[in-house]
Every structure is written in structure tokens, then in C-alpha cells.
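Take a look at the letters that make up each chain.
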Amino acid sequence: MHDELVFSLVAFGVFGLIALNALSYYSQRAMILPDIIWVLLLGVSYGGIAHYLDLGLPELTLSPDLVLYAFVPPLIFASTQKICLFHFREVLAPASLVGSIGILISMLIIALVLHYGFGFQWLEALLFGTIISATDPLAVGALLHGNSEVPEPQKLMIEGESILNDGFVVTVSGIFVLILFGGERFDFLASSGSFLTHIIGALLLGVLFGRGARWLLSVWKEEHFTLTINMTIAIAFGSFALAELLHLSGILAVFATALAYGYKPDEDNPNRQIHSHIWDYFEYIANAVLFFLLGASFFVYTSFEEVSLLLIFTSLVLLIISRLGALIVLFPFIRVEDRTLNKTNFWLLNFSGARGAVSIALILLLPHTFELKSLFLSLAFVMILFSLVVYPLALKRVLEPPKK
């Protein structure tokens, strides 16, 4: 039995790596979808075969702890460490605005429709609206990775906003969970204080980790890539784990850690080049595994018997109009480099709002006794797959040069 398990794991690894190369090659030739989305669709195909055909294939599923503790820290660190803090300061205000007030507007749009149109209780509707409004930084980072057509300031804002709004969503959804399942009454002042503590505490913790790591490396006078890789892996996972242990936002802690550690490109330093390449490979493999598992989990967690076609259609409409509505309301206040967004950048920001595995993880963490948990999972999976497949096509259309 042990030998069979080892052989199966090796076989999965071998065929998986070969499949990644093939998907990368053919997706670049076809230029229809990013290769990571083909990995997602391959996972969906595998999940369908394993679920419906009796071929002895194991059903693969996403675990919330796997997403939050294994994938979130390295992927957020990988994308954030490429951000220059000096340049990010220019887009911090609009990114924070969209990642907080924008989430609240999106949450309210979804909750209003679910409450008045389908009879959801207010708190349940607000909880789902909050969770599904999060633009997943793992998905957004994967879709934007290597895309040279997106202007750098806009890319900084999109990636920063996706991370900030995830930290916001995790905190706000945690408050709703306490009210719904913890028997606590809503207290605006107490909730606001808890919210600020979560954010400020996480950011301070991240700064301590990032600057502490940089100080240690300077004391040891070492820049060899093996040591910097060891250090950055340690602070990525360490900052997230300690933040969660202290009931702070782990996502924001990793974000602050990577920013505080510092972006120091040096084309003449081979150690920094190798460090960058190794982290790029970590990011590539982690994203591939995560997207495959996300696709493979679709048929396990989605129950079409529980959802009507009307609710599915409505959820897809809400997916689009909730973020669009939030951006329209905030449009006069979103300024990048002292200019309001032009038409292209507005639609780029809108269709960069892909949802992903973090939303699934948050729903899976809800109590098993929650009657709507299965319904939430089904709707979330449909909305996430729609955003991951359709939004890249919309982005491609937005980025197309105008016809002369």
C-alpha cells in the first residue's frame, strides 16, 4: 500500500510537470487564455472524471487550512516583494479606498438582492456578500504575472488593492461570523476597534518581521541566494502564522513583511537574480497546484440540486454589477498619479476583480451546522470559475489597441 501511494504521488508529479509545459506551450500559441486558467480547466476535467466515472481516481479537494497556511503566505510574499514601496505609495490611497469602501458597497449590493429577492436573512446575505466580494490576490497575481500590456502604476494598484481588500474581507467576515455563530451582539464601537486593531497590529507585525530580517542579513554580511531564500521563506510563513495566532490579519502581515523587507533590484548582482528566479518558480508551481485543486474541487463542493437556475444566473449578474457599481460610485475619488482613471484603466480595474480560493476557504471554515454552507459553496464555485475564465477574455479585449 505504501509503495502504491509513493508511486501514485510520483506519477502525479511527473505527468503534472509535463502537462504544465504542454499547457504553457499551447496556451502561448493559442493566446486565448493564460496558461494558469488552462490548469484550472484541467483540474475541472479531472474532478469531473474522478467524481462521475468509476475509474479509481482519487477525488482531490481544497482544504481551508491548506489554502490559508500553505498557499497564501508564499504567493502573497512572492507578488508583494516585487513591489517598490516608493512607487506603491502613489497608489496606496486609491487601492485602500477600493479595497475597503468598495468592498462595503459591493457587499451591500449583493446582500440587498439576496435578502429582498431570495429571502436570505440579513446577516447571512451580508456574510456571503462580503466573502464573495474579495478579489483573490492569488488569482489576480496569477492573471497579471508577466503581462507587459498592463501599465505598471495600474498593475501596482490592482495587486495592492486585491491584497488589501482580502485583509479587509477576512476581518469583516470574521465579525459577521462571531455575530452569527458566536452569540455576540453587534456593537459598532467595539467592532470598529477590533477592526482597526486587526489591521494596524498586522501591519506593525509585518514591519517588524521585514525590517528584522533585513537587519539580520546585514549583520551577517551575507547576500548569498541560499540565505536570502531561507530568510524570506521563514518570514513569509512566520509572519502569517504569528498574526493568525494573535488574531490579526495574516494576509496583511505578509503584505507588510514583504514591503518592509524591501524591493532591491540589482541586475549586476547574480545572487539577487537567482533569488528572484527561485521565488518566480515557487510562485509558478504553487499557483499551478492551487488552481488545479480549485478546479478539481468543483464537482465535490458544488451541489446543483440546492441552487435554482435563477439563483445561479442572478449570482453571475451580481458578480459583475457589484464591483462595477462600487467602482462607479468611487470613480471621482480614484486617482492614480493625480489623474482620474481613463476608460481603459477603469475597465481594467473592474475586470481584474477575479475571485478565487480564498473565498472558498472562508466558506469552508464556517461551522458544519450552518444550513446555507453548501449553498454558499455552490454559488461561490460557479461565480469563481466564471470570473477566472471570462474575466481574462474581457481583459484581453480591454487591452487590445484601438482599431484605426
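Residues numbered from 1 in each chain as written. Predicted model: local features only at pLDDT ≥ 70, side-chain atom pairs only at ≥ 80, totals over all residues. Heavy atoms only, no water.

1. Focus on a nonpolar patch on the surface
Part 1 of the reasoning: On the surface, Ile49, Tyr52, Leu53, Leu55 and Leu57 cluster together into a nonpolar patch covering about 490 Å² of accessible area.
Part 2 of the reasoning: Structurally, tyrosine 52 can be placed in helix H2 (residues 35–52).
Part 3 of the reasoning: Residue class for tyrosine 52 comes out exposed when judged on its relative accessible area of 55%. (Patch = residues over 30% accessible without salt bridge, like charges linked within 9 Å, V, L, I, M, F, W, Y side chains within 5 Å. Areas by Shrake-Rupley, 256 points an atom, 1.4 Å probe, with all protein chains shown as cover. Salt bridge = Lys/Arg side-chain N within 4 Å of Asp/Glu carboxyl O. Helix = DSSP H or I, 4+ residues; strand = E, 2+ residues; numbered from the N terminus. Buried < 20%, exposed > 50% of the residue type's maximum accessible area, 1.4 Å probe, protein only.)

2. Comments concerning the packing of helix H5 (residues 101–118) against helix H8 (residues 152–181)
Packed helix pairs are characterised by how far apart their axes lie and by the angle those axes make with each other.
Part 1 of the reasoning: At their nearest, the axes of H5 and H8 sit 10 Å apart, and the two run at 50 degrees to each other. As summarised for this structure, H5 and H8 are arranged oblique, according to the angle between their axes. With respect to the hand of their crossing, H5 and H8 are arranged in right-handed fashion. For the pair formed by H5 and H8, the contact residues are Ile103, Leu104 and Met107 on the first element and Asn165, Phe168, Val169 and Phe176 on the second.
Part 2 of the reasoning: Taken together, the residues of the contact of H5 with H8 break down into six nonpolar, one polar and no charged. (Axes fitted to C-alpha atoms, helices over the stretch in contact; angles between N-to-C directions. Parallel < 35°, antiparallel > 145°, perpendicular 65-115°, else oblique. Left-handed = near helix turned anticlockwise from the far one by under 90°. Contact = heavy atoms within 4.5 Å. Nonpolar A, V, L, I, M, F, W, Y, C, P; charged D, E, K, R; others polar.)

3. Looking at the side chain of threonine 135
Part 1 of the reasoning: For threonine 135, the location among the structural elements is in the loop between helix H6 (122–133) and helix H7 (137–144).
Part 2 of the reasoning: The exposure class of threonine 135 is buried, given its relative accessible area of 1%.
Part 3 of the reasoning: Here the side chain of threonine 135 touches asparagine 165 through a polar contact of 2.6 Å, side chain to side chain. (Polar contact = N/O pair within 3.5 Å; in protein donor to acceptor, adjacent residues only side chain to side chain.)

4. Observations regarding the packing of helix H4 (residues 85–98) against H8
Part 1 of the reasoning: Axis separation between H4 and H8 bottoms out at 8 Å; the angle between their running directions is 50 degrees. Accordingly, the angle class assigned to the pair H4 and H8 is oblique. Considering only the axes of H4 and H8, their crossing is right-handed. Residues His87, Phe88, Val91, Leu92, Pro94, Ala95, Ser96 and Val98 of H4 form the contact with H8, whose own contacting residues are Pro153, Leu156, Met157, Gly160, Glu161 and Leu164.
Part 2 of the reasoning: Tallied by class, the residues present in the contact of H4 with H8 amount to 10 nonpolar, three polar and one charged.

5. Some details on the side chain of glutamine 81
Part 1 of the reasoning: Examined against the element boundaries, glutamine 81 turns out to sit in the loop between helix H3 (64–80) and H4.
Part 2 of the reasoning: Reaching out from glutamine 81, the side chain makes a polar contact with the side chain of histidine 275 at a distance of 3.4 Å.

6. Some points on the nonpolar core
Part 1 of the reasoning: Within the largest apolar cluster, 125 residues are counted, with the highest numbers of intra-cluster contacts made by Phe128, Leu294 and Phe376.
Part 2 of the reasoning: Among the elements that make up this core, the one with the highest residue count is helix H17 (residues 373–399) (16 residues).
Part 3 of the reasoning: When near neighbours in sequence (up to four residues on either side) are disregarded, phenylalanine 376 contacts Phe120, Glu124, Leu127, Phe128, Ile363, Leu366 and Phe370. (Core = buried A, V, L, I, M, F, W, Y, C linked by side-chain atoms within 4.5 Å.)

7. With respect to the pattern of salt bridges
Two side chains bearing opposite charge may form a pair once their charged atoms approach each other closely.
Part 1 of the reasoning: With the rule as written, the count across this model stands at three salt bridges.
Part 2 of the reasoning: Two residues, lysine 82 and aspartate 280, come together in a salt bridge whose shortest N-O distance is 3.5 Å. In this pair, lysine 82 sits in the loop between H3 and H4 while aspartate 280 sits in helix H12 (residues 270–296), placing the two residues 198 residues apart along the sequence.
Part 3 of the reasoning: Taking the relative accessible area as the measure of exposure, aspartate 280 reaches 25% and is therefore partly exposed.

8. Some details on the environment of isoleucine 37
Part 1 of the reasoning: Positionally, isoleucine 37 belongs in helix H2.
Part 2 of the reasoning: Taking relative accessible area as the criterion, isoleucine 37 reaches 0% and is therefore assigned buried.
Part 3 of the reasoning: Linking isoleucine 37 and phenylalanine 291, residues 254 residues apart in sequence, is a C-alpha distance of 7.6 Å.

9. Some words on unusual backbone geometry
Part 1 of the reasoning: For histidine 247, which is not a glycine, the phi torsion comes out positive at approximately 60 degrees.
Part 2 of the reasoning: You can see histidine 247 is positioned in the loop between helix H10 (225–245) and helix H11 (250–261).
Part 3 of the reasoning: Histidine 247 sits in the exposed class, given a relative accessible area of 59%.

10. Re H5
Part 1 of the reasoning: Look at H5: 25 Å from first C-alpha to last across 18 residues, which is about the 26 Å you get at 1.5 Å a residue.
Part 2 of the reasoning: Along H5, the residues classified as buried are Gly102, Ile103, Ile105, Ser106, Met107, Ile110, Ala111 and Leu114.
Part 3 of the reasoning: In this structure, the buried residues of H5 make contact with H4, H6, H8 and helix H14 (309–330).
Part 4 of the reasoning: With its phi angle positive at about 75 degrees, glycine 119 sits one or two positions after the end of H5. (Expected span 1.5 Å × (residues − 1).)

11. Quick word on the packing of aromatic side chains
The geometry of two aromatic rings is summed up by the distance between their centres and the angle between their planes.
Part 1 of the reasoning: On inspection of all chains with the given rule, the structure shows 20 aromatic pairs.
Part 2 of the reasoning: Considering the side-chain rings of phenylalanine 128 and phenylalanine 376, the 4.8 Å spacing of their centres and the 45 degrees angle between planes classify their relative orientation as tilted. Of this pair, phenylalanine 128 sits in helix H6 while phenylalanine 376 sits in helix H17, and the two are 248 residues apart along the sequence.
Part 3 of the reasoning: The ring of tyrosine 261 carries arginine 214 above its face, with NZ or CZ at 4.1 Å from the centroid. (Phe/Tyr/Trp six-rings, centres within 6.5 Å; stacked < 30°, edge-to-face > 60°. Lys NZ or Arg CZ within 6 Å of the ring centre and 35° of its normal.)

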